[in-house]
Amino acid sequence: MNIVWRGRRRGSLSAAVAVTTTVLLAGLASPAQADPAATPAGGQAAIDAYVQKYDHEMGSQIRKHEGVAQMPRGVPQDVVAQATVPGIDVSGHQGNVDWPAQWNAGKRFVWAKATEGTGYRNPYFAQQYNGSYNQGFIRGAYHFALPDRSSGATQANFFSNNGGGWSGDGRTLPGALDMEYNPYGATCYGLSKAAMTNWIRDFSNTYKARWNKYPAIYTSTSWWNQCVGSSFGATNPLWVARYASSVGTLPIGWSFHTVWQYSSSPIDQNSFNGAYDRLQVFARNSD
């Protein structure tokens, strides 16, 4: 995959991999109307302003609506006591990530945000996706869904065309579909449970047809049960967000979780529910 987006170093994050930015900016236009192939003007400050305004990182709306009062200060005992693998997820807000530092901290897998809706591409995706791979991480990409903007198939194809693909090389995680509270309005994007179920199925089936792999679904139990309430447990791995010392009740349709996001401090913290060899199988096998 040839990815040519670039950004300079931000703050204390390492910029070991330099890349050209082709993220849409178009005067900070609405992502629903902007041209994703447009080249931004204004340099680094404009890129950072664009990310700040339009990049909704994984879990940002869950934390906003459900709170973080129970977020553990360290690794939960539920994680320590089990055979698990630590990982992280990143978005444009992390800029160019210091991958050796994350590796030395014990992290072994990562999902990097690639896209949102059909009008946003993470300008730091290349450094995050390729840089983590070069460091030895098992890595994947995720898409922040905006179900009221376009069809599931349209967004699955936009995601697939902009870094969200999958290959059974044992180093690439299935793409992940980020389903959470609407950052722009109504909690469930103005969709009924049936309509939301159909949207997710449209995305999931389109992704599966292209890559022979169902996407993982990232969500919280509260949002899912309120806005979807349907079962995808037979096909899609669950990546559940719960900022507490235990994973708690899972969303309707799943009897177990594959990944648990339990903290956002100092960066989103995740635990794969299995040993490292099972993570490799998860990355390698087609559905």
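An unreviewed UniProt entry annotates the protein chain as Lysozyme of Actinophytocola glycyrrhizae. One UniProt comment on the protein chain, placed under Sequence similarities (unreviewed entry), says "Belongs to the glycosyl hydrolase 25 family."

A complete count under the given rule lists 16 aromatic pairs for this structure. An aromatic cluster of three or more residues is present, and its members are Phe159, Trp199, Phe203, Tyr207 and Trp211. The lysine or arginine in question, Arg149, covers the ring of Tyr184, its NZ or CZ lying 4.7 Å from the ring centre. The lysine or arginine in question, Lys208, covers the ring of Tyr214, its NZ or CZ lying 5.3 Å from the ring centre.

With respect to the helices and strands, the residue Asn198 is situated in helix H7 (residues 193-211). When the C-alpha atoms of Asn198 and Ser230 are compared, they prove to be 9.9 Å apart, with 32 residues separating the residues in sequence.

Take the pattern of salt bridges next. The tally for this structure, following the rule as stated, stands at four salt bridges. Residue Arg63 is joined to Glu57 by a salt bridge in which the shortest nitrogen-to-oxygen separation is 4.0 Å. What makes Glu57 partly exposed here is its relative accessible area of 24%. Among the salt bridges present, the one from Asp268 reaches Arg63, with a minimum N-O distance of 3.5 Å. Of this pair, Asp268 sits in the loop between strand S8 (259-263) and strand S9 (269-272) while Arg63 sits in helix H2 (residues 60-66), and the two are 205 residues apart along the sequence. Neither Asp268 nor Arg63 differs from the other in exposure class; each is buried. Residues joined in a network through salt bridges with shared partners are Asp55, Lys113 and Glu116.

The bond known as a disulfide is covalent and runs between the sulfur atoms of two cysteines. Here the structure, examined in full by the defined rule, presents one disulfide. A sulfur-sulfur distance of 1.9 Å marks the disulfide that ties Cys188 to Cys227. Between Cys188 and Cys227 the disulfide shows an S-S torsion of about -70°. By sign, it is left-handed. On the criterion of sequence distance, the pair formed by Cys188 in the loop between strand S5 (176-178) and H7 and Cys227 in helix H8 (residues 221-227) is long-range, its members being 39 residues apart. Taken as a pair, Cys188 and Cys227 share a single burial class, namely buried.

Before going further, it helps to examine the confidence of the model for the protein chain. Residues with a pLDDT of 70 or more make up 85% of the protein chain, whose mean pLDDT is 87. Every residue in residues 1-37 is under pLDDT 50, and counting partners more than four places away or in other chains gives 102 contacts.

Judged by nonpolar contacts, the single largest core of 62 residues is most densely connected at Phe109, Trp111, Met179, Ile200 and Trp223. Apart from residues no more than four positions distant in its own chain, Phe109 is found in contact with Val85, Pro86, Gly87, Ile88, Phe137, Ile138, Leu173, Val259, Asn270, Ser271, Phe272 and Leu279. Within the second largest apolar cluster, six residues are counted, among which are Ile47, Val51, Tyr120 and Tyr124.

Here we take up helix H5 (residues 125-135). It helps to recall that an α-helix has 3.6 residues per turn; residues three or four apart then point in one direction. Listed in full, the buried residues belonging to H5 are Phe125, Ala126, Gln127, Gln128, Tyr129, Gly131 and Ser132. Buried residues belonging to H5 abut strand S1 (85-90), helix H4 (99-104), strand S2 (109-116) and strand S4 (138-144). Gly136, located one to two residues past H5, shows a positive phi value of around 115°.

Here we come to unusual backbone geometry. Between Ser265 and the following residue, Pro266, the backbone shows a cis peptide bond with an omega angle of -5°. By the secondary structure assignment, Pro266 is in the loop between S8 and S9. At Tyr189, a position not held by glycine, the phi torsion is positive, near 60°. Following the sequence through the fold, Tyr189 ends up in the loop between S5 and H7. Residue Tyr189 is classed as buried on the basis of its relative accessible area of 5%. Of note in this structure, Asn212 is not a glycine but carries a positive phi near 55°. Positionally, Asn212 belongs in the loop between H7 and strand S6 (216-219).

Criteria and thresholds
Residues numbered from 1 in each chain as written. Predicted model: local features only at pLDDT ≥ 70, side-chain atom pairs only at ≥ 80, totals over all residues. Heavy atoms only, no water. UniProt positions renumbered as here; feature names shortened; annotations may be inferred. Phe/Tyr/Trp six-rings, centres within 6.5 Å; stacked < 30°, edge-to-face > 60°. Lys NZ or Arg CZ within 6 Å of the ring centre and 35° of its normal. Helix = DSSP H or I, 4+ residues; strand = E, 2+ residues; numbered from the N terminus. Salt bridge = Lys/Arg side-chain N within 4 Å of Asp/Glu carboxyl O. Buried < 20%, exposed > 50% of the residue type's maximum accessible area, 1.4 Å probe, protein only. Disulfide = S-S within 2.5 Å. pLDDT = per-residue confidence, 0-100. Contact = heavy atoms within 4.5 Å. Core = buried A, V, L, I, M, F, W, Y, C linked by side-chain atoms within 4.5 Å.

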